[in-house]
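# Secondary and tertiary structure notes
Listed below are the residues making up each chain.
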Amino acid sequence: MKRLITHELIAWKAHKNRIPLLLHGARQVGKTHIIREFGNTHYKNTAYVNLETDPIASTWFDDNINPKRIIMLLEAHIKSRIIPEETLIIFDEVQSCERALTSLKYFNENAPEYHIIAAGSLLSVAIKREKYSFPVGNVDSKTLYPFTFEEFLWAQDEDILVDEIKTAYELITPLHAALHKRATDLYRIYLIVGGMPASILEHINTGSLVTVPGVQSRIINDYIADMAKYASDSEAVRIRAAYNSVPAQLAKENRKFQYKVIQKGGSSTIFGEAIEWLETARVVNKCHCLTTPEVPLEVYKDFTNFKLYMSDTGLLTMTSRTPQEIVLNLDETANRFLDAIAENYVAQHFSACGKSLLYWRSNSKSGGQAEIDFVLQEDANIIPVEVKSGERVASRSLNVFVKKYNPPYSIRISGKNFGFENGIKSVPLYAAFCI
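Computed from a predicted structure; not experimentally measured.

## Examining the pattern of salt bridges
On inspection of all chains with the given rule, the structure shows 20 salt bridges. One salt bridge in this structure joins Lys2 and Asp159, with 3.1 Å as the shortest N-O distance. Here Lys2 is found in the segment before α1 (5–14), whereas its partner Asp159 is found in helix α8 (residues 159–171), with 157 residues between them in sequence. The class of Lys2 is partly exposed, set by a relative accessible area of 43%. Given a relative accessible area of 29%, Asp159 falls into the partly exposed group. Ionic pairing is found between Lys229 and Glu52, a salt bridge with its closest N-O pair at 2.7 Å. You can see Lys229 sitting in helix α11 (residues 212–229) and its partner Glu52 sitting in the loop between β2 (45–50) and α3 (55–59), a full 177 residues away along the chain. Judged by its relative accessible area of 48%, Lys229 falls in the partly exposed class. Given a relative accessible area of 30%, Glu52 falls into the partly exposed group. Look at the salt bridges and you will find they share partners, linking Arg255, Lys307, Glu343, Arg361 and Glu371 into a network.

## What about the sheet that holds strand β7 (residues 301–310)?
Spatially, four strands are ordered β7-β6-β8-β9 in an open sheet, and the strand pairing comes out mixed. Of all the strands in the sheet, just β7 and β9 (371–372) have a single pairing partner and so form its edges. Here helix α18 (residues 337–352) sits on the sheet and contacts β6 (284–290) and β7; the angle it forms with β7, its principal contact strand, is near 110°.

## Considering helix α15 (residues 268–280)
Those residues of α15 that fall on the buried side of the exposure criterion are Phe271, Ala274, Ile275, Trp277 and Leu278. One face of α15 carries all of its buried residues, which in axial projection span an arc of 155°. Pointing more than 90 degrees away from the buried face of α15 are the exposed residues Thr269 and Glu273. In the stretch just after α15, Arg282 is the one whose phi turns positive, near 65°.

## Details of the layout of surface pockets
Approximately 770 Å³ is the volume found for the largest pocket. Surrounding the largest pocket, 27 residues form its lining, Glu253, Arg255, Asp339, Asp373 and Lys388 being those nearest its centre. Residue assignment for the lining of the largest pocket shows that the elements contributing at least two residues are α13 (246–251), α18, β11 (381–387) and α19 (396–405). Counting residues per element, the lining of the largest pocket draws most heavily on α18, at four residues. Tallied by class, the residues present in the lining of the largest pocket amount to six nonpolar, seven polar and 14 charged. Approximately 450 Å³ is the volume found for the second largest pocket. Taken together, 22 residues line the second largest pocket, and the ones lying closest to its centre are Tyr145, Glu279, Asn285, Lys286 and Ser351.

Definitions and cut-offs
- As a convention, each chain's residues are numbered from 1 in the sequence order in which they are written.
- Two thresholds apply to this predicted model, a pLDDT of at least 70 for residue-level local features and 80 or more for giving and counting side-chain atom pairs, whereas whole-chain, interface and lining totals are computed over all residues.
- For side-chain calculations, the full set of non-hydrogen atoms in the structure is used, while hydrogens and water are omitted.
- Any carboxyl oxygen of Asp or Glu that lies within 4 Å of a side-chain nitrogen of Lys or Arg is treated as forming a salt bridge with it.
- Secondary structure elements follow DSSP: runs of H or I no shorter than four residues count as helices, runs of E no shorter than two count as strands, and numbering proceeds from the N terminus.
- Throughout, exposure labels follow a simple rule: accessible area from a 1.4 Å probe, protein chains only, divided by the maximum for the residue type, with under 20% read as buried, over 50% as exposed, and the rest as partly exposed.
- Here, any two strands with at least 2 DSSP bridges between them count as paired.
- Contacts are assigned to residue pairs with any non-hydrogen atoms lying within 4.5 Å of each other.
- Simply put, an axis is a line fit to the C-alpha atoms, just over the touching stretch for a helix, and the angle between two N-to-C directions goes from 0 to 180 degrees.
- To obtain the arc, one takes the directions from the helix axis to the C-beta atoms.
- A 1.4 Å probe that fits but cannot get out identifies a cavity on a 1 Å grid over protein atoms alone, an open set with protein on both sides within 12 Å along at least five of seven lines counts as a pocket, and a residue lines either if it has an atom within 4 Å of a point.
- Grid points are joined across faces, edges and corners, and a volume is the space filled by probe spheres set on the points.
- Throughout this entry, Asp, Glu, Lys and Arg are counted as charged residues, while Ala, Val, Leu, Ile, Met, Phe, Trp, Tyr, Cys and Pro are counted as nonpolar. The remaining residues, Gly among them, count as polar.

Here you go:
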């Protein structure tokens with residue numbers, strides 16, 4: 001299954017000043033698969049070691065981490081020559097071995113001819129918790145996210161549909177009715193399956209959605225096991241409680257994260273570090289409120305007010321126990337939580353595209369507060385983005401924002417086809433990856 005990050009890996013390989021690469025990402029997003037496939041496709045051979053499951057390999061770094069010594073031991077281990085420019089060296093689960101992480105500095109300084117990728121599921125968490133020495137300036141870093149809807153369509157052999165969606169987005173012209181329906185149906189399936197590779201493979205191999213929640217439950221259990229492994233017992237309890245509260249947080253009309261939803265009397269003092277752990281582990285995406293929607297947006301973040309989304313929408317649908325038939329029918333009058341699922345889906349895609357997650361909420365309560373789901377910065381322009389789960393798109397909040405800040409145009413992501421009217425660019429939910 002092809003991934004967008006492959007293009008970045010190819011560019012990394014070709015860069016004349018290439019340095020060791022660290023691949024971050026939550027557990028089960030497909031890091032090991034993509035780097036091994038990259039090695040098999042773009043190199044003559046691959047030297048792979050898993051530092052978590054291979055105790056012998058971990059001992060190589062206990063003493064001298066001179067690159068020549070490590071290469072000699074690795075060659076003996078895999079029983080094959082490691083040739084610069086022709087062999088890809090992979091240190092998997094590098095968070096399990098601090099000295100292996102440190103060795104990347106010396107590979108960059110003393111043996112830059114070797115191509116090395118190190119990957120870790122909870123690398124950032126381990127570095128902070130164990131106070132690892134990070135090789136600043138000696139590594140390149142990239143993050144692998146769950147499959148976007150575009151990648152999901154590729155996995156379904158829907159490459160032509162992807163091209164049609166991109167063309168319609170660029171031209172702002174409606175997609176043919178049959179293609180619009182096909183894309184919408186697949187989008188609804190994606191809300192259930194999500195972007196975790198194991199869930200997608202289960203759906204493809206069985207042609208069914210029935211067994212997908214079982215796969216997703218195992219992924220959640222892996223996350224919980226990681227919480228216990230990389231946190232103290234008391235910390236792990238708070239992390240689990242914060243994570244389990246996300247569906248309830250999103251079910252509120254005001255989706256601002258509230259500590260009291262986790263437990264009565266909850267506060268940032270009690271749960272602040274737990275939320276930071278979840279964000280660092282990349283199992284949630286944090287969306288900050290803006291004090292004012294002005295350029296540059298980054299300096300107007302309100303760090304005390306935020307929303308939390310799950311990093312994978314399929315996991316949200318499963319953990320919230322939203323019935324699959326409601327999602328597939330997508331009757332927007334049948335369940336209010338569908339709006340929250342759609343919003344989580346957009347947040348997931350904006351994160352994967354490298355966009356900062358920011359939203360706006362009016363200060364005035366006269367006549368009711370107005371809230372814009374997401375706010376993007378496009379050069380010197382501020383673009384409000386509103387998300388609707390279906391075709392009912394009337395919104396007072398968008399009108400309030402436009403009247404107050406006069407953006408060049410607005411984006412509405414909904415169940416409607418492409419179009420542009422009254423200063424609003426209509427983007428179907430299935431095309432969120434185009435933005």
